[in-house]
Amino acid sequence: MRLRHLFLWDMRFQAKYGFYLLYGLLTVLYIVILFALPQAWRGSAAALLIFSDPAAMGLFFMGAIVLLEKSQRVPCAFAAAPLHAMEYVISKTASLCLISLIVAAILALAAGLPHLPQVLLGTALSGILFTLLGMILATKITSLNQFILFTVPVEIACFVPAVLHLFQLLPTELRNYPANVCMDMIAGRSFTAAGILLLGAVIILLFYLAEKCVSKMWESAGGVKL
Amino acid sequence: MIQVNDLYFSYTTKPFIEAMNFTVEKGEIFGFLGPSGAGKSTLQKILLGMLPGYRGSAIVNGTECRHRTNRFYENIGVDFEFSTMYEKLSARENLQFFSSLYEKSGRPIEELLEMVGLQNDADKRVADFSKGMKSRLNFIKALLHDPALLFLDEPTSGLDPANNRMMKDLILEEKKREKTILLTTHNMQDATELCDRVAFIANGKIYALDSPHNLIMSKGATRVTYTWMDHGEHTASCPIDRLSGDEVLQKLIAQNRLKSIHSSEPTLNDIFMEITGRTLL
Ligand SMILES: Nc1ncnc2c1ncn2[C@@H]1O[C@H](COP(=O)(O)OP(=O)(O)OP(=O)(O)O)[C@@H](O)[C@H]1O
Ligand SMILES: [Mg+2]
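Remember, predicted model here, so these are calculated numbers, not experimental data.

Q: Sorry, what's going on with empty space enclosed by the protein here?
A: To find leftover empty space, a probe the size of one water molecule is rolled over the atoms. Under the definition given, this model contains 1 cavity of 30 Å³ or more. Taken as a whole, the largest cavity spans an internal volume of roughly 120 Å³. Along its surface, the largest cavity is lined by 14 residues, and A77 and A80 of chain A together with V78, Y102 and K141 of chain B are the ones closest to its centre. Mapped by element, the contributors of at least two residues to the lining of the largest cavity are β6 (76-79) and α4 (131-143) of chain B.

Q: Before we go on, may I ask you to explain the domain arrangement of chain B in this structure?
A: Reports of interface size often rely on the accessible area that becomes lost once the parts have come together. Looking at chain B, the domain boundaries give domain 1 (2-216) and domain 2 (221-264). Using C-alpha coordinates to define each centre, domain 1 of chain B is positioned 45 Å away from domain 2 of chain B.

Q: Any chance you could explain helix α7 (residues 144-166) of chain A here in plain terms?
A: In an α-helix, one turn spans 3.6 residues; hence positions three or four apart end up facing the same way. All names here are of chain A. Under the 1.5 Å per step criterion, the end-to-end length of α7 is 31 Å for 23 residues, consistent within 8% with the ideal 33 Å. Helix geometry: α7 is bent most strongly at E155, by close to 40°. Those residues of α7 that sit buried are F147, T151, V154, E155, C158, P161, A162, V163, H165 and L166. Considering only its buried residues, α7 is in contact with α3 (42-71), α6 (116-140) and α8 (178-186).

Q: I tried to follow the site of ligand 1 on my own but got confused; where do I start?
A: All names here are of chain B. The environment of ligand 1 is formed by 13 residues, the closest being S36, G37, K40, S41 and T42. At a separation of 2.9 Å, an oxygen atom of ligand 1 approaches a polar backbone atom of G39. Between S41 and ligand 1, the recorded distance is 2.7 Å, taken from a side-chain N or O atom to an oxygen atom. Here ligand 1, which alone exposes 630 Å², has 59% of that area covered by the protein.

Q: What's the story with a nonpolar patch on the surface in this structure? I'm lost.
A: All names here are of chain A. Together, V152, I156, V160, L164, F167 and L169 make up an exposed nonpolar region whose accessible area comes to about 530 Å². Looking at where L169 falls in the secondary structure, it is placed in the loop between α7 and α8. Judged by relative accessible area, L169 falls into the exposed class, the value being 61%.

Q: Even after reading the chapter, I still don't get the layout of surface pockets, so can you show me in this structure?
A: Residue and element names in this part refer to chain B. Roughly 260 Å³ of internal volume is contained in the largest pocket. Around the largest pocket sit 15 residues that line it, and E81, F82, S83, K131 and S135 are the ones nearest its centre. No other element matches α4, which puts 4 residues into the lining of the largest pocket. Its residues assigned to classes, the lining of the largest pocket comprises 5 nonpolar, 4 polar and 6 charged.

Q: Would you mind going over the pattern of salt bridges with me for this structure?
A: A side chain with one charge may pair with a side chain of the opposite charge, provided their charged atoms come close. Tallied over the entire structure, the rule returns 26 salt bridges over all chains. With its nearest N and O atoms 3.0 Å apart, the salt bridge here joins E87 of chain A to R2 of chain A. On the criterion of sequence distance, the pair formed by E87 of chain A in helix α5 (residues 85-111) and R2 of chain A in helix α1 (residues 2-16) is long-range, its members being 85 residues apart. The exposure class of E87 of chain A is buried, given its relative accessible area of 17%. For R2 of chain A, a relative accessible area of 13% puts it in the buried group. Between R177 of chain B and D146 of chain B there is a salt bridge, with its nearest N and O atoms 3.3 Å apart. Taken together, the residues R177 of chain B in the loop between α5 (161-176) and β8 (180-185) and D146 of chain B in the loop between α4 and β7 (149-153) connect sequence positions 31 residues apart.

Q: Whenever I open this one, the sheet that holds strand β13 (residues 258-264) of chain B confuses me. Can you help?
A: Sheets are built from strands that pair by backbone hydrogen bonding, the pairs being arranged parallel or antiparallel. All names here are of chain B. Strand order in the open sheet made by the 3 strands is β12-β11-β13, with antiparallel pairing throughout. This sheet does not close on itself; its edge strands, each paired only once, are β12 (233-239) and β13. Across the sheet, the mean angle from the axis of one strand to that of its neighbour is 15°, orientation sign disregarded. Summarising the sheet, strand β11 (residues 223-229) and β12 pair through 7 bridges and their orientation is antiparallel. The residue of β12 that forms the bridge with V224 is C238. Here helix α8 (residues 247-254) sits on the sheet in contact with β11 and β13, set at roughly 55° to β11.

Q: For this particular structure, what's the right way to read helix α9 (residues 193-219) of chain A?
A: The end-to-end C-alpha distance of α9 of chain A, which contains 27 residues, comes to 39 Å, matching closely the 39 Å that a straight helix rising 1.5 Å per residue would cover. The elements touched by buried residues of α9 of chain A are α3, α4 (74-79), α5, α6 and α8 of chain A.

Q: Looking at this structure, how should I read unusual backbone geometry?
A: Of all residues except glycine, most have a negative phi; of all peptide bonds, most are trans. Residue and element names in this part refer to chain A. Residues other than glycine seldom take positive phi values, yet H115 does so here, at roughly 55°. Mapped onto the elements, H115 comes out in the loop between α5 and α6. Backbone geometry at Q168 places phi at a positive 55°, although glycine is not the residue there. With respect to the helices and strands, Q168 occurs in the loop between α7 and α8. Q168 gets classed as exposed once you look at its relative accessible area, which sits at 62%.

Conventions we followed
- Residues numbered from 1 in each chain as written.
- Chains lettered and ligands numbered in written order.
- Predicted model: local features only at pLDDT ≥ 70, side-chain atom pairs only at ≥ 80, totals over all residues.
- Heavy atoms only, no water.
- 1 Å grid on protein atoms, 1.4 Å probe; cavity = no way out; pocket = protein on both sides within 12 Å on 5 of 7 lines; lining within 4 Å.
- Points joined across faces, edges and corners; volume = space filled by probe spheres on them.
- Helix = DSSP H or I, 4+ residues; strand = E, 2+ residues; numbered from the N terminus.
- Domains from an automatic or database assignment.
- Expected span 1.5 Å × (residues − 1).
- Bend = angle between axes of the 7 residues up to and from the residue.
- Buried < 20%, exposed > 50% of the residue type's maximum accessible area, 1.4 Å probe, protein only.
- Contact = heavy atoms within 4.5 Å.
- Near = heavy atom within 4 Å.
- Polar contact = N/O pair within 3.5 Å; in protein donor to acceptor, adjacent residues only side chain to side chain.
- Areas by Shrake-Rupley, 256 points an atom, 1.4 Å probe, with all protein chains shown as cover.
- Patch = residues over 30% accessible without salt bridge, like charges linked within 9 Å, V, L, I, M, F, W, Y side chains within 5 Å.
- Salt bridge = Lys/Arg side-chain N within 4 Å of Asp/Glu carboxyl O.
- Nonpolar A, V, L, I, M, F, W, Y, C, P; charged D, E, K, R; others polar.
- Pairing = 2+ DSSP bridges.
- Axes fitted to C-alpha atoms, helices over the stretch in contact; angles between N-to-C directions.

Pasting the structure below:
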């Protein structure tokens, strides 16, 4: 019940702060790029764009949302409310993933990617992965500049290998690396059970860490500079 | 409602809150009065279950604070020292959102808005609110779920006289609804007016705890001060209960020679100073 309310409100906030508009514009831009490319590249390009959406946008927007709340001292209010940190984590993650899923569906259909359910599952998993990372980072820091700085290593660790993997520039032994599994799913390629298991384990661990970090942030809630 | 026994807490290794004991009864307005850094907000945070690392016992609504669960907050309303709202959302949206966090359906939002005179500003963004409007809005946010216990951190600080008056009336209104209210302040006049009992806090310790009236009466009675002219101005003073024994005053009255006369009772501020050796501000 509370989770449903939270989720609906998160969507409302995101609409209010112009996220939907921004994503709408991005989607249009992505489609223009897709159709400007030669037919032969379209599949890989679509996979890259779909992956980059949660990877770049999800991570960054989650950080921005949490920092914004911090700067308005909203975490103090959460600390003194009957809300569970896990409900907060799930609601925020789900609401951002939903946007990524919509963008992914549009791009996949536009590019004519096969295996739509697999593409969407891959998008959802990458969305969870990156938004949780963004959330964990954002609870630890106090300014937007700091956040941008700290996202760099995350992008290097997650985004870069996945892109290299997409273009088969990495040794196949690395195919079970969680970000690469996501990329394989989005690109409609095959993936291993071990890869999925590892990805699942990483996601569970990140949920656990995110809950811990959010609880801690609420307890020591204070102001930040934006 | 609240029982604190032998409470110790510190953010660091240096002792801070030490050997605190007090109880707060249902329906009471209880004030923490003390200078900046005394530990008032810290104490509130402990009672809110936000600082579980204390020693001793602090029981709120029947729950030991360090063992609180999330349900603990269904019956507690908190008004922090600062605004804790989404600035880009309207007042009404903020209230709707925060109200959705509670299981209890609570009090109607329109009624609360009207109570603090914000019904015509409800659709404005909080960012466009004045300080007084924000503090009223944050106050009713604490009432949304109709909690039995209210924590108000500096509810009157930084408000102009009109808003200050309004806030005090709102607090007294909640007392009439049988809420238990804990507030912190360093304004002794507000404390005198609002609180059934106050605790003097300085350096993490309670120096005195009683009704404002008893505290004021405990230290010296009201004095009468008078002046007269006799080759220059003279001033003398005398406790109000010994006026009949003051021969100078008697004579001055008989000869109609008094230039001025006034009585002054010690304020809570004077008493605070006398007991703790510190000023309130
Ligand atoms: N999170 C924290 N970590 C370490 N020290 C803290 C923390 N919060 C407060 N303190 C310190 O504890 C002391 C008491 O702070 P507290 O906020 O309880 O004072 P206060 O009585 O509420 O003062 P004010 O009237 O200014 O609000 C201060 O010295 C403060 O620096
Ligand atoms: Mg304080």
